There are 4 protein chains.
Amino acid sequence: MKSNILAWLEEGNITIPSILLSEYRNLNLNETELVLLLNILTFIEKGNEFPTPEELSARMTVSILECNEMLRRLIQRGFIEIIDQYSNDGIRFEKYTVKPLWEKLIDLFMINNNAAKAMDKKTDET
Amino acid sequence: MKSNILAWLEEGNITIPSILLSEYRNLNLNETELVLLLNILTFIEKGNEFPTPEELSARMTVSILECNEMLRRLIQRGFIEIIDQYSNDGIRFEKYTVKPLWEKLIDLFMINNNAAKAMDKKTDET
Amino acid sequence: MKSNILAWLEEGNITIPSILLSEYRNLNLNETELVLLLNILTFIEKGNEFPTPEELSARMTVSILECNEMLRRLIQRGFIEIIDQYSNDGIRFEKYTVKPLWEKLIDLFMINNNAAKAMDKKTDET
Amino acid sequence: MKSNILAWLEEGNITIPSILLSEYRNLNLNETELVLLLNILTFIEKGNEFPTPEELSARMTVSILECNEMLRRLIQRGFIEIIDQYSNDGIRFEKYTVKPLWEKLIDLFMINNNAAKAMDKKTDET
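Let me begin by describing the structure that accompanies this report.

So, about the overall build of chain A. Assigned secondary structure in chain A consists of six helices and three strands. From first element to last, N terminus to C terminus, chain A shows the α and β order α-β-α-α-α-α-β-β-α. Its C-alpha atoms give chain A a radius of gyration of 19 Å, clearly above 14 Å, the size a compact globule of 126 residues would have. Referenced to the eigenvectors of the C-alpha coordinate spread, the extents of chain A come out at roughly 60 × 45 × 35 Å. Looking at chain A as a whole, 44% of its 126 residues qualify as buried. Taking the intrachain contacts of chain A between residues at least 6 apart in sequence as the baseline, contacts between residues at least 24 apart amount to 50%. Accessible surface, chain A: about 6500 Å² in total, of which carbon and sulfur atoms supply 50%. Distance between charge centroids for chain A: 4 Å, based on 14 positive and 20 negative side chains.

Shown next as structure tokens:
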């Protein structure tokens, strides 16, 4: 009984900014692309920084080929990047970073935020 | 500058069990349904416990009609429920609960967890 | 068995910026004050926006009197604020906001961040 | 401006079960011990799985000596454990695990939960 809660707890959580859910559409992402990005984040969080299309597709309703194509397009459109890393013993490995996604989201957030402020100011003046 | 980080912080986060992302497919949910559920969770977290199909559709790539239909099917299939509540002054209002989703996820988790344990035991015995 | 995990899940989580834990000391907070603030956050998250010294002290190792005194000092030193709210039926109620804490933390973060950048620049120039 | 939000975002969050905050006192932990445990969790989350007393003390209001003594006592009382790990190239290293803390918390949660259920049942019967 106890071990079940512990196992559940050890699976862990993923914490994402609420605005990713309210704004992904305005970033021109659809639901499948959003979930692919969330799955990449979950894999990274668990220590697998370069999940394969096979691993991602296995938990999604898209085929490996479609998954591969989506990854290619997300890189091309600047949502994720593959970066090179070197381990302590000098071996090169690749990993995903979703930093470009956060940059796009922050850009959008700041445009909205400043537009809201400008409108407040205008309302005050009239 | 500072006010931008504060505004970002105030938007808040949403925390979800990692296994929802790895197991939604095994619950027979597709990506659009998963994101709809995540959006309902986000609305609830922000204090709007009964978001309309209009509000949900506005941040998704599905029409209001499709959204409405998806909500109906998710209720029918036992992923969400509408429950009645009464405010302090006796006014009835409705709200969503995703408790049935968590119940399904926990059921699945426990089946997997016990299967894994049974397999460990078998390996030990041979 | 299942109901235990569900009950656990329903207790929920609290998500805090990691830098609050690495920087509270630099905000001149001690561990007891930090935990008091985290407890206020937890109460707010659960819908109780104005926990009493009794409620806070009940889960801490400090007396009601000490708790009251700490709250008074945290308000005086500008970490929390009590703000007035009006319910739909016009009844006034008070609630805590920890916005001042976030403002202090962001100020500190930006000083550190800019100092780090300035140092990087200096290193580049030499 | 934007880079400040990104830097803030990259610092990350730490997510903890709300009941740790409401029940640490019933686990016979005081506020300083709780914050020490939260700091260990934060270090682990960031990839440093064996923070030194120096690193922990640097962000707390306790001396290195006191920190060391607290760690020793938390191990002795069964809240944390040091476990051995081997890296890919066979080098042994030590790391902390807070699994014993979660076990204690789950034990306490289940006692409370079952006591609450038993009381409900009793009330129903009368």
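Resuming the write-up.
Quick look at the interface of chain C and chain D now. Frequently, the measure chosen for interface size is the accessible area that the parts lose on association. Chain C puts 39 residues into the contact, and the matching count from chain D is 39 residues. Together chain C and chain D conceal approximately 3400 Å² of surface at their shared face, both sides included; 61% is due to carbon and sulfur atoms. When the area that chain C buries against chain D is broken down by residue, the three leading residues are Trp8, Leu21 and Glu31 of chain C, summing to 19%. Where chain C meets chain D, there are zero salt bridges. Between the two partners, chain C and chain D, sit 19 residue pairs in polar contact (both at pLDDT 80 or more). Going through the elements one at a time, α1 (2-11), β1 (13-17), α2 (18-23), α3 (31-45), α4 (53-58) and α6 (99-125) of chain C are the ones with two or more residues in the side of chain C that touches chain D. Of the strand pairs in this sheet, β1 of chain C and strand β1 (residues 13-17) of chain D are connected by five bridges, and their pairing is antiparallel. Counted as the bridge partner of Ile16 of chain C is Ile14 of chain D from β1 of chain D.

Moving on: unusual backbone geometry. Residue and element names in this part refer to chain C. If you check the backbone angles, Asn28 has positive phi at about 65 degrees while not being a glycine. As for its placement among the helices and strands, Asn28 is situated in the loop between α2 and α3. Residue class for Asn28 comes out exposed when judged on its relative accessible area of 59%.

Every contact between the two is made by seven residues of chain A and, on the other side, seven residues of chain C. Regarding the contact of chain A and chain C, the summed buried area is about 760 Å², with carbon and sulfur atoms giving 76% of it. Scanning the region where chain A abuts chain C turns up zero salt bridges. Here chain A is connected to chain C by zero residue pairs in polar contact (both at pLDDT 80 or more). Secondary-structure elements contributing two or more residues to the side of chain A that touches chain C are α1 (2-11) and β1 (13-17) of chain A. Looking at the side of chain A that touches chain C, the element that brings in the most residues is α1 of chain A, giving four residues. Here the side of chain A that touches chain C is composed, by residue class, of four nonpolar, three polar and no charged.

As a further point, take the relation of the copies chain A and chain C. Each of the two chain copies can be brought onto the other by rotation about an axis and movement along it. Rotating chain A by 180 degrees and translating it 0.0 Å along the rotation axis places it on chain C, where the RMSD comes to 0.0 Å. Expressed as a symmetry operation, the mapping of one chain copy onto the other fits a two-fold axis. Same-surface contact between copies: 100% of interface residues of chain A are shared with the interface of chain C.

Tracing the chain through its elements places Arg59 of chain C in the loop between α4 and α5 (64-76). Salt bridges are absent for the buried Arg59 of chain C, whose nearest opposite-charge side chain, Glu23 of chain D, sits at 7.4 Å. Not counting the four nearest positions on each side in its chain, Arg59 of chain C is found in contact with Asn39, Thr42 and Phe43 of chain C together with Leu21, Ser22, Tyr24 and Arg25 of chain D.

Evaluation of the coordinates by the stated rule reveals eight aromatic pairs over all chains. Summarising the aromatic geometry, the rings of Trp8 of chain C and Phe109 of chain D are spaced 5.2 Å apart at their centres and angled 85 degrees between planes, so their arrangement reads as edge-to-face. On the criterion of chain membership, the pair formed by Trp8 of chain C in helix α1 and Phe109 of chain D in helix α6 (residues 99-125) is interchain, its members lying in two chains. This pair shows no difference in class: Trp8 of chain C is buried, exactly as Phe109 of chain D is. Seen from their ring centres, Phe50 of chain C and Tyr96 of chain C are 4.8 Å apart, and the 40 degrees between their planes marks the pair as tilted. Taken together, the residues span a long stretch of sequence, with Phe50 of chain C in the loop between α3 and α4 and Tyr96 of chain C in strand β3 (residues 92-97) at a distance of 46 residues. Taking relative accessible area as the criterion, Tyr96 of chain C reaches 7% and is therefore assigned buried. Geometry around Phe43 of chain D places Arg59 of chain D over its ring, the cationic atom sitting 4.1 Å from the centre.

So, how was this worked out
- Residues numbered from 1 in each chain as written.
- Chains lettered and ligands numbered in written order.
- Predicted model: local features only at pLDDT ≥ 70, side-chain atom pairs only at ≥ 80, totals over all residues.
- Heavy atoms only, no water.
- Helix = DSSP H or I, 4+ residues; strand = E, 2+ residues; numbered from the N terminus.
- Rg over C-alpha atoms; globule rule 2.2 N^0.38 Å.
- Buried < 20%, exposed > 50% of the residue type's maximum accessible area, 1.4 Å probe, protein only.
- Contact = heavy atoms within 4.5 Å.
- Areas by Shrake-Rupley, 256 points an atom, 1.4 Å probe, with all protein chains shown as cover.
- Lys, Arg positive; Asp, Glu negative; His and termini not counted.
- Charge placed at Lys NZ, Arg CZ, Asp CG, Glu CD.
- Buried area = accessible area lost by both parts, 1.4 Å probe.
- Salt bridge = Lys/Arg side-chain N within 4 Å of Asp/Glu carboxyl O.
- Polar contact = N/O pair within 3.5 Å; in protein donor to acceptor, adjacent residues only side chain to side chain.
- Pairing = 2+ DSSP bridges.
- Nonpolar A, V, L, I, M, F, W, Y, C, P; charged D, E, K, R; others polar.
- Least-squares fit on C-alpha atoms with pLDDT ≥ 70 in both.
- Phe/Tyr/Trp six-rings, centres within 6.5 Å; stacked < 30°, edge-to-face > 60°.
- Lys NZ or Arg CZ within 6 Å of the ring centre and 35° of its normal.

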